[in-house]
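The primary structure of each chain is shown beneath.
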Amino acid sequence: MGEYIGKNPRFMSWDDYGIGKKRYTELQEVIRSGEHEEKVRSAASAADKKIAEYLLKSVKENKSYDKLEFDSRLGRICAGRSDFYSIRRLFFHYLDVALKQV
């Protein structure tokens, strides 16, 4: 999972991670279904432990950064919008890699 460690995920695009629209949709479905929950949580933590719960909530509940920023249960996100979305892409990448190993 750590092949991108040391590279700033902010500058990594979906194409850099090799994730197209179809695969992105498949990964969202896996996350929302509860399948492979351990792999999903592991990928979120690997992307960024501090915002892992925000990443999961964002995908599971289809919530944007703006909707999550002041979440009453989780509190305020400790990442800016650009960083959040770049870490979110990294999360999907880690999950994609983990699921391909199944």
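In the block above lies the structure referred to throughout.
The structure displayed is predicted, hence computed values, not measured ones.

Q: Describe in detail the environment of Ala44, supporting the description with residues and values.
A: Relative to the assigned elements, Ala44 resides in helix α3 (residues 37-47). A C-alpha to C-alpha distance of 11 Å links Ala44 and Ile31, two positions 13 residues apart in sequence.

Q: Could you give an account of the packing of aromatic side chains, with specific residues and numbers?
A: When we look at a pair of aromatic rings, we describe it by the centre distance and by the angle of the planes. With the rule as written, the count across this model stands at 6 aromatic pairs. Ring geometry for Tyr24 and Phe92: centres 5.0 Å apart, planes at 50°, overall tilted. Within this pair, whereas Tyr24 is found in helix α2 (residues 21-33), its partner Phe92 is found in helix α6 (residues 81-100), the two being separated by 68 residues in sequence. When its relative accessible area of 21% is taken as the criterion, Tyr24 is described as partly exposed. Arranged with centres 5.4 Å apart and planes meeting at 55°, the rings of Phe91 and Phe92 form a pair that is tilted. Overall, the relative accessible area of 0% leaves Phe91 in the buried class. The buried category is assigned to Phe92, whose relative accessible area is 0%. Through pairs of rings, three or more aromatic residues link up here, namely Trp14, Tyr24, Phe91 and Phe92.

Q: So what's going on with the packing of helix α4 (residues 52-60) against α6? Residues and values would help.
A: Interhelical geometry of α4 versus α6 gives an angle of 80° and a closest axis separation of 10 Å. One way to sum up the angle between α4 and α6 is to call them roughly perpendicular. Contact residues: Tyr54, Leu55, Leu56, Ser58 and Val59 in α4; Phe84, Ile87, Arg88, Phe91 and Phe92 in α6. When grouped by side-chain class, the residues that make up the contact of α4 with α6 number 8 nonpolar, 1 polar and 1 charged.

Q: Provide a residue-level description of the nonpolar core, including the pertinent values.
A: Formed by 28 residues in total, the largest nonpolar core has its most connected members in Ile51, Leu55, Ile77, Phe84 and Phe91. Taken together, the elements giving at least two residues each to this core come down to α2, α3, α4, α5 (65-68) and α6. With 8 residues, the top contributor of residues to this core is α6. Beyond its immediate stretch of four places on either side in the chain, Leu55 contacts Ala44, Ala47, Phe84, Ile87, Arg88 and Phe91.

Q: Lay out the pattern of salt bridges in plain terms, naming residues and giving numbers.
A: In this structure the tally under the stated criterion is 9 salt bridges. Put simply, Arg23 and Asp96 hold a salt bridge, and the shortest N to O gap is 2.6 Å. Of this pair, Arg23 sits in helix α2 while Asp96 sits in helix α6, and the two are 73 residues apart along the sequence. When its relative accessible area of 24% is taken as the criterion, Arg23 is described as partly exposed. The partner of Glu37 in a salt bridge is Lys60, and the shortest N-O contact between them spans 3.2 Å. Remark: Lys60 occurs in helix α4 and Glu37 occurs in helix α3; sequence separation between them is 23 residues. Taking the relative accessible area as the measure of exposure, Lys60 reaches 32% and is therefore partly exposed.

Cut-offs used in this document
Residues numbered from 1 in each chain as written. Predicted model: local features only at pLDDT ≥ 70, side-chain atom pairs only at ≥ 80, totals over all residues. Heavy atoms only, no water. Helix = DSSP H or I, 4+ residues; strand = E, 2+ residues; numbered from the N terminus. Phe/Tyr/Trp six-rings, centres within 6.5 Å; stacked < 30°, edge-to-face > 60°. Buried < 20%, exposed > 50% of the residue type's maximum accessible area, 1.4 Å probe, protein only. Axes fitted to C-alpha atoms, helices over the stretch in contact; angles between N-to-C directions. Parallel < 35°, antiparallel > 145°, perpendicular 65-115°, else oblique. Contact = heavy atoms within 4.5 Å. Nonpolar A, V, L, I, M, F, W, Y, C, P; charged D, E, K, R; others polar. Core = buried A, V, L, I, M, F, W, Y, C linked by side-chain atoms within 4.5 Å. Salt bridge = Lys/Arg side-chain N within 4 Å of Asp/Glu carboxyl O.

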